[in-house]
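Summary of structural features
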Amino acid sequence: MTQAIDDLDRWIRGEFTDLNTKLEEIYFAEKALVLRGSAEVDELTAVLVRDGGSLISKVSERKVLPENADARYELLGMVGFYLAACRRHEVEPDQAQFASLALALAAPLGVAPRFASSHQNIHNRSVGGSLTTFTTLDSERVFLLYNGLSVMAYRRAAHALLSVPALGVSSPLATYHLTDAVAALRDVLRFSQALAGELDRDRFFYNIRPYFKSHRVGSREFRGVNAGDFAAINAIDVLLGLCSPHDPFYQGVITEKYPYVAPKDQKLLRSLATTESLLDMVVRELEAGPPSAPLRENAELLLDACRGHAAATVFHHNQLVAPFLREPAGYAPPEHQADMTTSGPPLEAVIETLARLRDLRAAHERPGVATARPTLDRVRALLQSAS
Ligand code: HEM
């Protein structure tokens, strides 16, 4: 890192988090989403905007970017944290100071010129045991820890499932990977349960979630971040056969998230268009004749993995989205209602999209939507008839 980038990194990990934390404590004491017009708030916000802006200008003025793509992505995260904090405190920083740098970093990487949730989990380089955060609040630590662990567990499940096609669904070696996928999906649920149990609802709503909002960079508005902006979840959907890359609704979900996932995740997202599901492979082999012992075991494991994926998605909907967003949004003042989602559409529209995804992932019966329910029933029937 150059001196200017080092200085920015040190500031983000130090004074930046202190300033945000002080502001959050003031807002929380007043039970306000944001406050303007208080001398203390205005002073703290002005220091944040001024010091961050000056450090970013120093990086920008050098007009030399790190050669290494990961280092550029990390620098984009630092600039993005500053911009997200300005948005959160509802102050407009000087676009001339940062927009050209954010765009120069983002364009060659093919990502949006803002911080993404992968800057909080997959690419969050720890220094002295501490992650990069917006605040030092315990609720942010809890959120980042369990959200990060859920993402790691999803990535582990995806890696296991992606290893199966090369072996074939009747391979005794594939049993190892499918067992691992089932265990990893169980971990997703376990981490989500820990998150729901330990995260303070008001703290999340008032002090953590507001950093994830959409904001402008240069002349364009970029949507906010959400914990689902990583490719593994979609690889699992498609490999389990619960979502189809040929379904226009699901294609829309994948296409929309490209600029918001980490650069290396985009390759995996792109590959899904031509990925055959393990469920279809299992049906084909079961229909071909009496199943071998490994095929039978692997088919049972695949059904277990589908159940695990369903349980985690239903939990997300009922125990995270509902209590941590939908309910508190109901008592937020009318002027903040338009600001409740990270993706832009009104909250109810976002929840409806999520409900459709949940029903696909859980293979629920849903009028007008083709879910994997008949295929899962077919696998069960084929296994039963062969026993
Ligand atoms: C307090 C905790 C959480 C809340 C309130 C929450 C809420 C939401 C909301 C509102 C969305 C829709 C985003 C939008 O379009 O605006 C979303 C998407 C998503 N969230 Fe969460 N979430 C939470 C935690 C998590 C965790 C821990 C995970 C696990 C990795 C997760 C995974 C996802 C996924 C996968 C999606 C996107 C759906 C997709 O594109 O596949 N969320 N979440």
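Predicted model only: the values in this text are computed from it and were never measured.

**A word on the overall build of the chain**
- A tally of regular secondary structure across the chain gives 14 helices and two strands.
- In summary, the chain has a C-alpha radius of gyration of 23 Å against a globular reference of 21 Å for 387 residues, a match within 12%.
- Taken along the three principal axes of its C-alpha coordinates, the chain extends 75 × 50 × 35 Å.
- Expressed as a percentage of its 387 residues, the buried residues of the chain come to 56%.
- Across the chain, the fraction of contacts at a sequence separation of at least 24, relative to all contacts at a separation of at least 6, is 79%.

**So, empty space enclosed by the protein**
- This model, assessed by the stated rule, comprises one cavity of 30 Å³ or more.
- Here the largest cavity defines a volume of roughly 110 Å³.
- The wall of the largest cavity is formed by Asp9, Arg13, Glu74, Gly77, Met78, Phe81, His119, His123, Asn124, Arg125 and Thr132.
- When residues of the lining of the largest cavity are traced back to their parent elements, those giving at least two are helix H1 (3–29) and helix H3 (69–88).
- Here the element with the most residues in the lining of the largest cavity is H3; it accounts for four residues.
- The residue makeup of the lining of the largest cavity, split by class, is two nonpolar, five polar and four charged.

**Things to note about the state of the cysteines**
- Enumeration according to the criterion identifies zero disulfides in this entry.
- Cys243 carries a free sulfur, and the closest cysteine sulfur to it, the one in Cys306, is 10 Å from it.
- Judged by its relative accessible area of 5%, Cys306 is buried.

**Quick look at the domain arrangement of the chain**
- Entries for the chain in the domain assignment read domain 1 (3–115) and domain 2 (138–385).
- In this structure, domain 1 and domain 2 have C-alpha centres spaced 31 Å apart.
- A combined buried area of about 2600 Å² lies between domain 1 and domain 2, and 59% of that area is made up of carbon and sulfur atoms.
- At the junction of domain 1 and domain 2, the tally comes to three salt bridges.
- Arg203 serves as the salt-bridge partner of Glu25, at 2.9 Å between the closest nitrogen and oxygen.
- If you list the elements that add at least two residues to the side of domain 1 that touches domain 2, you get H1, H3 and helix H4 (95–109).
- With seven residues, the single largest contributor to the side of domain 1 that touches domain 2 is H3.
- Within the side of domain 1 that touches domain 2, the residues separate by chemical class into 16 nonpolar, four polar and nine charged.

Criteria and thresholds
Residues numbered from 1 in each chain as written. Predicted model: local features only at pLDDT ≥ 70, side-chain atom pairs only at ≥ 80, totals over all residues. Heavy atoms only, no water. Helix = DSSP H or I, 4+ residues; strand = E, 2+ residues; numbered from the N terminus. Rg over C-alpha atoms; globule rule 2.2 N^0.38 Å. Buried < 20%, exposed > 50% of the residue type's maximum accessible area, 1.4 Å probe, protein only. Contact = heavy atoms within 4.5 Å. 1 Å grid on protein atoms, 1.4 Å probe; cavity = no way out; pocket = protein on both sides within 12 Å on 5 of 7 lines; lining within 4 Å. Points joined across faces, edges and corners; volume = space filled by probe spheres on them. Nonpolar A, V, L, I, M, F, W, Y, C, P; charged D, E, K, R; others polar. Disulfide = S-S within 2.5 Å. Domains from an automatic or database assignment. Buried area = accessible area lost by both parts, 1.4 Å probe. Salt bridge = Lys/Arg side-chain N within 4 Å of Asp/Glu carboxyl O.

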